[in-house]
Each structure stands twice: as structure tokens, then as C-alpha cells.
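Listed below are the residues making up each chain.
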Amino acid sequence: MVRTAVAFSPGHISGYFRKIAGESPALTGSIGAGIVIDEGVLATASAAERREVVVREVDAGGRVRSESQGSPPLEYAMERLNVRAHVETACRLPIGAGFGLSAAALLASITAIDALLELGLSRAEIAAVAHEAEVVHSTGLGDVSACQGGGIACRETPGPGGRITRIPSDQEIWAVSFGPLPTPDVIGSAEHLERVAAAFPTGCPTDLEGFFSRSRAFAEASGLVTADVRSALEACDAGGVLASMTMLGRGVFATGDGAREVLAPFTEPIRLNVAESGFHLLEVRG
Ligand SMILES: Nc1ncnc2c1ncn2[C@@H]1O[C@H](COP(=O)(O)OP(=O)(O)OP(=O)(O)O)[C@@H](O)[C@H]1O
Ligand SMILES: CC(C)(CO)[C@@H](O)C(=O)[O-]
């Protein structure tokens, strides 16, 4: 039997953020808040002579919807750790749509590689490598920090070692995705970042409602709302449903009575729960 290690990381819906530029990738990141979600990325690692990554999007029944080879941030992380492995990732949520899947893929894959090759990395070391890969590849700023634990996570200082407060919640979250909004296009643009910085709300939320109100105010002031997102937000407002835009994706997330019904005419809503915990190893076989 081929020896494999399997790990999971939750994804993260960012509600609002502000880039904090430091002198190195480790000191660069974002502050802000988001929801760590129970859907994310499952990574399976096995021994290989080369660095190989297979990325799969699967449906609820586990059937493969799309498959591609390679993941630049993940190959960067393997290079940084000076290891070679074959990694397969699987996710049910769409990639690039604001569910923080690049961070989840990194955290799950590095955790699996660490167990497979018995590298002895601590959680903080796994998060540090994942965060560096995100920053270097402009695929995320605060998602790795958030996915170290569960809840509604408010990042008060940048980086995975930063100060984070977490509020647990058993409220269902409903999300719709109209398509990707490439993260590098936004976090690599000085103009977007200036507007995002000016839109940043003060203080950490103390409950889900406070998180939604801050996220929505940010989305409106950020200039990032697209026409399709606007239509869904207006429908939520008309139905008295708390909602905001997934950062960074062309999508909307909502909560409370009627959220599913209000979003259903746009496209099939996805049901999510607030995650109880962060990335973790599931098993080592063989
Ligand atoms: N499931 C995955 N498995 C492996 N690599 C991934 C995965 N998801 C994303 N990546 C890598 O991250 C890169 C950038 O992804 P991107 O930031 O657009 O996606 P995302 O993290 O889902 O979106 P967002 O940051 O907006 O939430 C992809 O080109 C890919 O290389
Ligand atoms: C930049 C970002 C919105 C991309 O998902 C996220 O990493 C964050 O909140 O910092």
C-alpha cells in the first residue's frame, strides 16, 4: 500500500480587509474580519521524485467536475521546505470566488506533507510557510491567519502570529458565486488598495450581525461591488436578509431567515456552517 497523508483546511470568506505592507512577506498581511467555513480543501500527499500537484473541483457526491495540474503557491511552499511530493487537492467550492481556497490548499497540503515526510513542523511553522507563499504569489493576505482556527475571525494585527479574536456561531451561511475576481488583480493594484484602505471599518465585531454590518459598509465603500453582486445584494435588502460581498470573488454571502430563498433565483445557493476549528491532519495510511 502506498503511504499517504491526508489533511483538511477550512476555507474563509473575507468580509473586509486592509493590506498592511511589511518589510518581508512574513510581516506583510492584512487586518480585517471573515468567516472560517466548514467547506475547504482536502489534500492527500504521497512520495514522489518531483513536485507534482493535481487540483480537483468535485461535486457534493465526490464526482470530479474539473481537474488541472500545478499550483504555483503550493510548488513555492514545497521548494521553500526543500521537499518533493505528489499532492492532490479536492474542493467542492469554486476556486477564485472568494472562499480562500488557495490558503486552505496550502495549509492542508503542507500539513499532509509534514506528516508524510515526518518533518516535525509546528502549526505555527506550517502557517508561516503557507502565509509566505500566499503573499509572494499575491493569492491572499489574511486567509492563512484566519484558517488557523474556526469562528468569525477578526484579525487585529497582520500575519499568522498576529492577534486574532474568534466568535463561534451556529448560524447557517448561504453563498452564491457568479464567478471569479482574481485576487492578484485587486491586491496588486495601488488604486484598489487605496480605496479599500479608506473603506476599512473600525473595531472588531462582537456578533454575527456586527460582522455583517461592517462587511456591507466596507463592500459599498470599496468600489468592488460588481453588477451581478449588486442585484443579489438588493434582493437581500428587499427581503430583510443580512448580506455582503465575498472578498475577493463575484459572490454574495447571507444569513438568517429567508437567505436561501432570496438568493435561489440568482444561482444555486451553497449552504455553509461556521467552522469550529482550523486546519488539521486527518490520517496517515500505509
Ligand atoms: N484547491 C486548490 N488546490 C491547489 N491550489 C489552489 C487551490 N485553490 C487555489 N489554488 C492556487 O491558488 C491560486 C490562486 O487562487 P485564487 O486566489 O484565485 O483562489 P481562491 O483562494 O479560491 O480565491 P480567493 O483568494 O479570492 O478566495 C490558483 O491559481 C492556484 O494555483
Ligand atoms: C486579500 C483577501 C481578501 C483575499 O482573499 C484576504 O486574504 C484577506 O482578507 O486578507
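Note that the coordinates shown come from a computational prediction; the quantities given were computed from them, not determined experimentally. Along each chain, numbering runs from 1 in the same order as the chain's sequence is written. In the order they appear in the text, chains get letters beginning with A and ligands get numbers beginning with 1. Totals for whole chains, interfaces and linings use every residue, but because this is a predicted model, local features are given only for residues with pLDDT of at least 70 and side-chain atom pairs only at 80 or more, for both listing and counting.

Q: When you look at the overall build of the chain in this model, what are you seeing that I'm missing?
A: Counting secondary structure elements, the chain contains nine helices and twelve strands. Our radius of gyration looks at C-alpha atoms and nothing else; its globule reference is 2.2 Å times the residue count to the power 0.38. Computed over C-alpha atoms, the radius of gyration of the chain comes to 18 Å, within 12% of the 19 Å expected from 2.2 N^0.38 for 286 residues, which places it in the range of a compact globule. Dimensions of the chain, computed from C-alpha atoms along their principal axes, come out at roughly 55 × 45 × 30 Å. When burial is assessed residue by residue, the chain has 49% of its 286 residues classed as buried. Contacts in the chain between residues far apart in sequence, at least 24 positions, make up 73% of those at least 6 positions apart. Working definition: helices are DSSP H or I runs of at least four residues, strands are E runs of at least two. Numbering for both runs from the N terminus. Burial in this document is a count-based property: other C-beta atoms within 10 Å of a residue's C-beta are tallied, and the residue is buried at 20 or more, exposed at 12 or fewer, or partly exposed in between, with C-beta positions derived from the backbone. Each residue is represented by a C-beta atom placed from its backbone, and any two residues with such atoms within 7 Å are regarded as in contact.

Q: Explain the site of ligand 1 to me, please; I cannot follow it from the model alone.
A: Near ligand 1, the surroundings consist of 22 residues, among which Ser71, Gly96, Leu101, Ser102 and Ala105 are the closest. Contributions of two or more residues to the shell around ligand 1 are made by helix H1 (72–81), strand E5 (86–91) and helix H2 (101–117). Considering only residue class, the shell around ligand 1 consists of twelve nonpolar, ten polar and no charged. Split by domain, the shell around ligand 1 shows at least three residues from each of two domains, domain 1 (4–165 + 277–285) and domain 2 (169–273). As used in this record, a residue near a molecule or strand is one whose C-beta atom, placed from the backbone, is within 6 Å of it. Residue type decides the class: Asp, Glu, Lys and Arg count as charged, Ala, Val, Leu, Ile, Met, Phe, Trp, Tyr, Cys and Pro as nonpolar, and the leftover types, Gly among them, as polar. What counts as a domain boundary in this text is fixed by an automatic or database domain assignment.

Q: Can you walk me through the site of ligand 2 in this structure?
A: Taken together, 14 residues lie near ligand 2, and Ser14, Phe17, Ser30, Leu141 and Gly142 sit nearest. Of all elements in the fold, only strand E1 (4–20), strand E2 (29–46) and helix H5 (183–187) reach the threshold of two or more residues within the shell around ligand 2. When residues in the shell around ligand 2 are grouped by element, the largest group, three residues, is from E2. Classifying every residue of the shell around ligand 2 gives five nonpolar, eight polar and one charged. Taken domain by domain, the shell around ligand 2 gets at least three of its residues from each of domain 1 (4–165 + 277–285) and domain 2 (169–273).

Q: Would you mind going over the packing of H1 against H2 with me for this structure?
A: When two helices pack together, you describe them by how their axes are tilted relative to each other and by the distance separating the axes. Two numbers describe how H1 lies on H2: the axes approach to 10 Å, and their chain directions differ by 35°. Remark: the crossing between H1 and H2 carries right-handed chirality. Between H1 and H2, the contacting residues are Pro73, Leu74 and Ala77 on the first element and Ser102, Ala105, Leu106, Ser109 and Ile110 on the second. Split into classes, the residues belonging to the contact of H1 with H2 amount to six nonpolar, two polar and no charged. An axis is simply a line fitted to the C-alpha atoms; with a helix, the fit covers only the stretch in contact. Between two such axes, the angle follows the N-to-C directions and lies from 0 to 180 degrees. Put simply, a crossing is left-handed when the front helix is turned counterclockwise from the back one by less than a right angle, and right-handed when it is turned clockwise.

Q: Honestly, the domain arrangement of the chain in this entry has me stumped. Any pointers?
A: Put simply, an interface is often sized by how much accessible area is lost when its parts join up. Domain parsing of the chain yields domain 1 (4–165 + 277–285) and domain 2 (169–273). On a C-alpha basis, the centroid separation for the pair domain 1 and domain 2 is 22 Å. With 27 residues of domain 1 at the contact, the number on the domain 2 side is 33 residues. Looking at the side of domain 1 that touches domain 2, the elements with two or more residues in it are E1, E2 and strand E6 (152–155). Residue contributions to the side of domain 1 that touches domain 2 peak at seven residues, all from E1. Across the side of domain 1 that touches domain 2, the residue classes tally to 13 nonpolar, nine polar and five charged.

Q: Would you mind showing me how to read unusual backbone geometry here?
A: Among all residues except glycine, the phi angle is most often negative; among peptide bonds, the trans geometry is most common. Residues Met247 and Leu248 are joined by a peptide bond in cis, for which omega reads 5°. As for its placement among the helices and strands, Leu248 is situated in the loop between strand E9 (242–245) and strand E10 (249–255). Unusually for a residue other than glycine, Asn82 sits at a positive phi of about 60°. Position of Asn82 among the secondary structure elements: in the loop between H1 and E5. Residue Glu118 is not a glycine yet carries a positive backbone phi of 50°. Looking at Glu118, the number of C-beta atoms within 10 Å reads 9, which means it is exposed.

Q: How should the environment of Lys19 be read in this particular structure?
A: Inspection of the secondary structure assignment puts Lys19 in strand E1. Sequence separation between Lys19 and Gly223 is 204 residues, and the spatial gap between their C-alpha atoms is 16 Å. Beyond its immediate sequence surroundings of up to four residues, Lys19 is in contact with Ser30, Leu141, Ile187 and Leu193.

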